[in-house]
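An overview of the molecular structure
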Amino acid sequence: MKLRTLLSSAAVLAVAGYALPAAAQDGPVKACLITKTDINPFFVKMKEGATAKAQELGVELSTYAGKVDGDHETQVQAVESCIAAGAKGILITASDTKAITDVLGQARDKGILVIALDTPLEPIDAADATFATDNFKAGQLIGQWAKAKMGADAENAKIALLDLSPAAPSVDVLRDQGFLDGFGIDIKDKNTIGDEDDPRIVGHDVTSGNEEGGRTAMESLLQRDPGINLVYTINEPAAAGAYEALQSFGLADQAIIVSVDGGCPGVKNVQEGVIGATSQQYPLDMAAQGVEAIAQFAKDGTVPQPSEGLDFVNTGVNLVTDQPQEGVPSISVEEGLDRCWG
């Protein structure tokens, strides 16, 4: 009797266990958000937008982040966790836009919708869709503004470029190359950082997208040429670090700093004259639209289509400055503060 009871119990457990996947399919749609870090205000706002939209739509959202910008391995582990959990869609800002495609390909093979946020994968069609700022345009705007602001002195510019990481993810390349193109420099291969031969470029260095990295990179480039008078930065935390370095060298009034992001601290730095102009993007909208797309995909299989003339869904960009230049569209710092994040 005891043996028979145990066998019956085991059979019940086996049936119950076997039924779990079907029950899970009948539950809420599962989605994942994987960001580069959970410290940068940009990704904090992205998480906020995704979380709010998931709650609104009844989507079960799991969030993951790298320990630091460039932490590829943690992102790979996050994708594997999402696959194992039965996610219907994955939203990701990839630290290594090339290497991550293998594990994301595994997710797509299992019918999971993969959406790149902010940072296009390489190749871009390694994701089912990309929701992003036009990062090349963001760079062009600050390049055009800097050229107009410097006027005739643009021909004698000494330019420092503070990029993101040695891996040069697509967002890094697009912003850097867009800036140089906007400033009127021949960028050679637009997919490559650092192949330009314009003598106005003092050099490139990497910042990891944070203040300390910006300060260190700026110090290094100032040692190469203390006459630097124009500084491009990958984002506003790096810009803040660059300004600190310039101050320490007594050169804060010598150089114009331009950047990309549009977070509230960055826009306030424009207001205070630390940054001359920044290109503002909208991470909350980016992530919210991504969650909506996953919910729609789960409902009827619809895959998001790119904006007209582009290979991604354009979530918008505006130049923010209180020193508008003729021929360069911009919004005021006041409007930028109304639309900022972080």
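Look a little higher up for the structure.
A brief structural summary.

Reading the values: the criteria
- Each residue is numbered by its place in its chain's sequence as written, counting from 1.
- Under the rules for a predicted model, residues below a pLDDT of 70 receive no local features and side-chain atom pairs below 80 are neither given nor counted, while totals for whole chains, interfaces and linings still include all residues.
- Hydrogens and water are ignored here; the side-chain numbers use all heavy atoms of the structure.
- Geometry is summarised by axes, namely lines fitted to C-alpha atoms with helices restricted to the contacting stretch, and by angles between N-to-C directions that run from 0 to 180 degrees.
- Elements are defined by DSSP. Helices are runs of H or I of four residues or more, strands are runs of E of two residues or more, and each kind is numbered from the N terminus.
- The cut-offs work like this: below 35 degrees is roughly parallel, past 145 is roughly antiparallel, 65 to 115 is roughly perpendicular, and the gaps in between are oblique.
- For any helix crossing, the convention is left-handed if the near helix is rotated counterclockwise from the far helix by under a right angle, and right-handed if that rotation is clockwise.
- Every residue pair with non-hydrogen atoms within 4.5 Å of one another is taken to be in contact.
- Only Asp, Glu, Lys and Arg are considered charged, only Ala, Val, Leu, Ile, Met, Phe, Trp, Tyr, Cys and Pro nonpolar, and every remaining residue, Gly among them, polar.
- Two cysteine sulfur atoms form a disulfide, by the criterion used here, when they sit within 2.5 Å.
- Whether a residue is buried, partly exposed or exposed follows from its accessible area with a 1.4 Å probe, protein chains only, as a fraction of its type maximum: under 20%, in between, or over 50%, in that order.
- What qualifies as a polar contact is a pair of N or O atoms within 3.5 Å, subject to a donor-acceptor requirement within protein and to the restriction that residues adjacent in sequence count only when both atoms come from side chains.
- Think of it this way: DSSP has to see at least two bridges between two strands before they count as a pair.
- Summarising the geometry, the arc corresponds to the directions from the helix axis toward the C-beta atoms.
- Patches were defined on residues exceeding 30% relative accessible area and lacking a salt bridge, with like-charge contacts within 9 Å and nonpolar side-chain contacts (Val, Leu, Ile, Met, Phe, Trp, Tyr) within 5 Å.
- Computed with a 1.4 Å probe, the accessible areas rest on the Shrake-Rupley method; for each residue, only the protein chains presented here act as cover.
- Here a salt bridge means any side-chain nitrogen of Lys or Arg lying within 4 Å of a carboxyl oxygen belonging to Asp or Glu.
- For this count, His and the chain ends are skipped, Lys and Arg are scored as positive, and Asp and Glu as negative.
- A single reference atom marks each charge: NZ on Lys, CZ on Arg, CG on Asp, CD on Glu.
- One less than the residue count of a helix, multiplied by 1.5 Å, gives the span that helix is expected to have.

Moving on, we come to the packing of helix H5 (residues 135-150) against helix H6 (residues 170-183). Packing of H5 against H6 brings their axes to within 6 Å, and their N-to-C directions diverge by 30°. In this view, H5 runs roughly parallel relative to H6, as classed from their interaxial angle. The handedness of the crossing between H5 and H6 is right-handed. Across from Asn135, Phe136, Gly139, Gln140, Ile142, Gly143, Gln144, Ala146, Lys147 and Met150 in H5, the residues of H6 making contact are Val171, Leu174, Arg175, Gln177, Gly178, Phe179, Asp181, Gly182 and Phe183. Partitioned by chemical class, the residues of the contact of H5 with H6 number eight nonpolar, eight polar and three charged.

On to the state of the cysteines, then. Applying the stated criterion across every chain yields a total of two disulfides. Note on cysteine connectivity: Cys32 is disulfide-linked to Cys82, with sulfurs 2.3 Å apart. Because the torsion about its S-S bond is -120°, the bridge between Cys32 and Cys82 counts as left-handed. Of this pair, Cys32 sits in strand E1 (residues 30-35) while Cys82 sits in helix H3 (residues 72-85), and the two are 50 residues apart along the sequence. With respect to class, Cys32 is no different from Cys82; both count as buried. The disulfide partner of Cys264 is Cys340, and the S-S distance across this bridge is 2.0 Å. With the S-S dihedral at roughly 90°, the linkage between Cys264 and Cys340 falls on the right-handed side.

Looking at the secondary structure, you find Thr97 in the loop between strand E3 (89-92) and helix H4 (101-109). Within polar-contact distance, the side chain of Thr97 engages the side chain of Glu122 at 2.4 Å. Contact partners of Thr97, with chain neighbours within four places excluded, come to Thr119, Pro120, Leu121, Glu122, Pro169 and Ser170.

Moving on, we come to the sheet that holds strand E10 (residues 277-280). A sheet is described by the order of its strands in space; here six strands give the open sequence E7-E6-E8-E9-E10-E12, paired in mixed fashion. Edge positions in the sheet fall to strand E7 (201-206) and strand E12 (318-320), since each has one partner strand and no second. Within this sheet the neighbouring strands show an average axis-to-axis angle of 15°, counted without direction. Relative to E12, E10 runs antiparallel, the two being bridged by three bridges. Residue Thr278 lies in a different strand from E12, and its bridge partner there is Val320. Lying on the sheet, H5 is in contact with strand E8 (230-233), strand E9 (256-261), E10 and E12; it crosses E9 at an angle near 160°. Relative to E9, helix H8 (residues 236-248) is tilted by about 160°, and along the sheet it contacts strand E6 (159-163), E8, E9 and E10.

Every α-helical turn comprises 3.6 residues, leaving residues that sit three or four positions apart pointing alike. Among all positions of H4, only Thr101, Val103, Leu104 and Ala107 are buried. Viewed along the axis of H4, the buried residues span an arc of 160°, placing them on a single side of the element. Residues of H4 that are exposed and point more than 90 degrees away from the buried face comprise Asp102 and Asp109. Where H4 is buried, its residues contact H3, E3 and strand E4 (113-117). Just downstream of H4 lies Gly111, where phi reads positive at about 85°.

Taken together, the side chains of Asp322, Glu334, Glu335 and Asp338 define an acidic patch exposed on the protein surface. Note on placement: Asp338 falls in helix H11 (residues 333-339). The class for Asp338 is exposed, based on a relative accessible area of 66%.

With that settled, the discussion passes to H8. Taking 1.5 Å of rise per residue, the 13 residues of H8 would be expected to cover 18 Å, and the 18 Å separating its terminal C-alpha atoms lies within 8% of that figure. Residues Glu236, Ala238, Ala239, Ala240, Gly241, Ala242, Tyr243, Ala245 and Leu246 constitute the buried set of H8. If you follow the buried residues of H8, they end up packed against E6, helix H7 (211-224), E8, E9, helix H9 (264-271) and E10. The N-capping residue of H8, defined by a side-chain oxygen 3.1 Å from the backbone nitrogen of Ala238, is Asn235. Following H8 by one or two positions, Gly250 adopts a phi angle in the positive range, close to 70°.

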